[in-house]
Amino acid sequence: MLQRMHEVASFQKNTIEEVVYYMWRTKSEDRNEETLKTKKKTAADEFLRWEAYMEQRGDGSHIASKDFSMADAVFYPHLAFAVRVGLNMTSRLPKLKAYYQMVTQRPSVQATWPPHWKTSEGPTMFSDVF
């Protein structure tokens, strides 16, 4: 559990920071499409790494164990944000998709879900990662 919890820092860096922050902080006319393509490839590899973790777990439940743990509390918000900014969990991410759908239904998640996420579409920065 501690290992996965600490690995979330790499997940955040390789997905949110590399792609989303680059797009937010770089004027569209200053963006380098090759750089962005490389960053999205790195993000795709990171999503596939976490898909493999879920596959290794075998029981299709949570990130580090059968039960919800601190690893999930740290990981899930980043995954939810990735979905918010357009991540399409295609057939390449079936375990993460099931995990996302399961955790999203938790009462604690529903109680803290940003209200504007319920009523509006988010940006599409991750729509072409896969």
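A quick note: this is a predicted structure, and the numbers were derived from the prediction, not measured.

Rules behind the numbers
- Sequence order sets the numbering: in each chain, residues are counted from 1 along the sequence as written.
- Note on the predicted model: pLDDT of at least 70 is required for a residue's local features to be given, and 80 or more for side-chain atom pairs to be given and counted; whole-chain, interface and lining totals, by contrast, use all residues.
- Heavy atoms from the whole structure form the basis of all side-chain values; hydrogens and water molecules are not counted.
- Two rings from Phe, Tyr or Trp (for Trp, the six-membered ring) form a pair when their centres sit within 6.5 Å of each other. Planes less than 30 degrees apart are called stacked, planes more than 60 degrees apart edge-to-face, and all others tilted.
- Secondary structure elements are taken from DSSP: a helix is a run of H or I of four residues or more, a strand is a run of E of two residues or more, and numbering for both begins at the N terminus.
- Each residue is assigned to one of three classes by its accessible area relative to the maximum for its type, calculated with a 1.4 Å probe on protein chains only: buried under 20%, partly exposed between the two thresholds, exposed over 50%.
- Sitting over a ring, as applied to charges here, requires NZ of Lys or CZ of Arg to be within 6 Å of the ring centre and within 35 degrees of the ring normal.
- By arc we mean the arc of the directions from the helix axis to the C-beta atoms, nothing more.
- Note on contacts: a residue pair qualifies if any of its non-hydrogen atoms lie within 4.5 Å across the two residues.
- For the purpose of counting charges, residues Lys and Arg are taken to be positive, whereas Asp and Glu are taken to be negative. His and the chain ends are not included.
- Any carboxyl oxygen of Asp or Glu that lies within 4 Å of a side-chain nitrogen of Lys or Arg is treated as forming a salt bridge with it.
- We define a nonpolar core as any set of buried Ala, Val, Leu, Ile, Met, Phe, Trp, Tyr and Cys residues linked to one another through side-chain atoms lying within 4.5 Å.
- Take the number of residues in a helix, subtract one, and multiply by 1.5 Å to get its expected span.

Caption draft 1: Inspection of the packing of aromatic side chains at higher detail. This model, assessed by the stated rule, comprises 13 aromatic pairs. With a centroid separation of 5.8 Å and 50 degrees between ring planes, the pair formed by Phe 75 and Tyr 99 is classed as tilted. With Phe 75 in helix H3 (residues 70-84) and Tyr 99 in helix H4 (residues 94-104), the pair connects residues that are 24 residues apart, well separated along the chain. A centroid spacing of 5.9 Å and a plane angle of 25 degrees characterise the contact between Tyr 76 and Tyr 100, whose relative ring orientation is stacked. Taken together, the residues Tyr 76 in helix H3 and Tyr 100 in helix H4 connect sequence positions 24 residues apart. For the pair Tyr 76 and Tyr 100, a shared accessibility class is recorded, and that class is buried. An aromatic cluster is defined as three or more aromatic residues linked by ring pairs; in this entry it consists of Phe 11, Phe 47, Trp 50, Tyr 53, Phe 75, Tyr 76, Tyr 99, Tyr 100, Phe 126 and Phe 130. Taking the ring centre of Tyr 21 as reference, the NZ or CZ of Arg 25 above it sits at 4.5 Å. For Arg 106, the ring lying beneath its charged end belongs to Phe 68, and the centroid distance is 3.8 Å.

Caption draft 2: Structural view of H4. Buried residues of H4: Leu 96, Tyr 99, Tyr 100, Val 103 and Thr 104, and no others. In an axial view of H4, the angular spread of the buried residues amounts to 125 degrees, which keeps them on one side of the axis. Packed against the buried residues of H4 are helix H2 (33-57), H3 and helix H5 (107-112).

Caption draft 3: Highlighting the side chain of Glu 51. Among the secondary structure elements, Glu 51 is positioned in helix H2. The side chain of Glu 51 is buried and forms no salt bridge, while Lys 95, the nearest opposite charge, is found at 6.6 Å.

Caption draft 4: A look at the pattern of salt bridges. Throughout the structure, instances matching the rule amount to six salt bridges. A salt bridge links Lys 13 to Glu 18, with the shortest nitrogen-to-oxygen separation between them at 2.8 Å. Where Asp 128 meets Lys 40, a salt bridge forms, and the shortest distance between an N and an O atom there is 2.6 Å. With Asp 128 in the segment after helix H6 (115-119) and Lys 40 in helix H2, this pair connects stretches of sequence that are 88 residues apart. Since its relative accessible area comes to 11%, Lys 40 is described here as buried. One salt-bridge network, in which partners are shared between bridges, spans Lys 13, Glu 18 and Lys 39.

Caption draft 5: Structural context of the nonpolar core. Judged by nonpolar contacts, the single largest core of 36 residues is most densely connected at Phe 47, Phe 75, Leu 79 and Phe 126. Where this core is concerned, the elements lending two or more residues are helix H1 (2-25), H2, H3 and H4. The greatest single-element share of this core, amounting to eight residues, is contributed by H1. Not counting the four nearest positions on each side in its chain, Phe 47 is found in contact with Phe 11, Thr 15, Leu 79, Ala 82, Leu 87, Leu 93, Leu 96, Phe 126, Val 129 and Phe 130.

Caption draft 6: Focus on the environment of Thr 38. Mapped onto the elements of the fold, Thr 38 is located in helix H2. Once the C-alpha coordinates of Thr 38 and Val 83 are considered, the two residues, 45 residues apart in sequence, prove to be 20 Å apart.

Caption draft 7: Local environment of H2. Its 25 residues place the ends of H2 36 Å apart at the C-alpha level, agreeing with the 36 Å of an ideal helix rising 1.5 Å per residue. Those residues of H2 that sit buried are Leu 36, Lys 39, Lys 40, Ala 43, Ala 44, Glu 46, Phe 47, Trp 50, Glu 51, Tyr 53 and Met 54. Next to the buried residues of H2 lie H1, H3 and H4. Just downstream of H2, Gly 58 is the residue with a positive phi angle, here 80 degrees.

Geometric descriptors of this kind do not, in isolation, establish any biological role.
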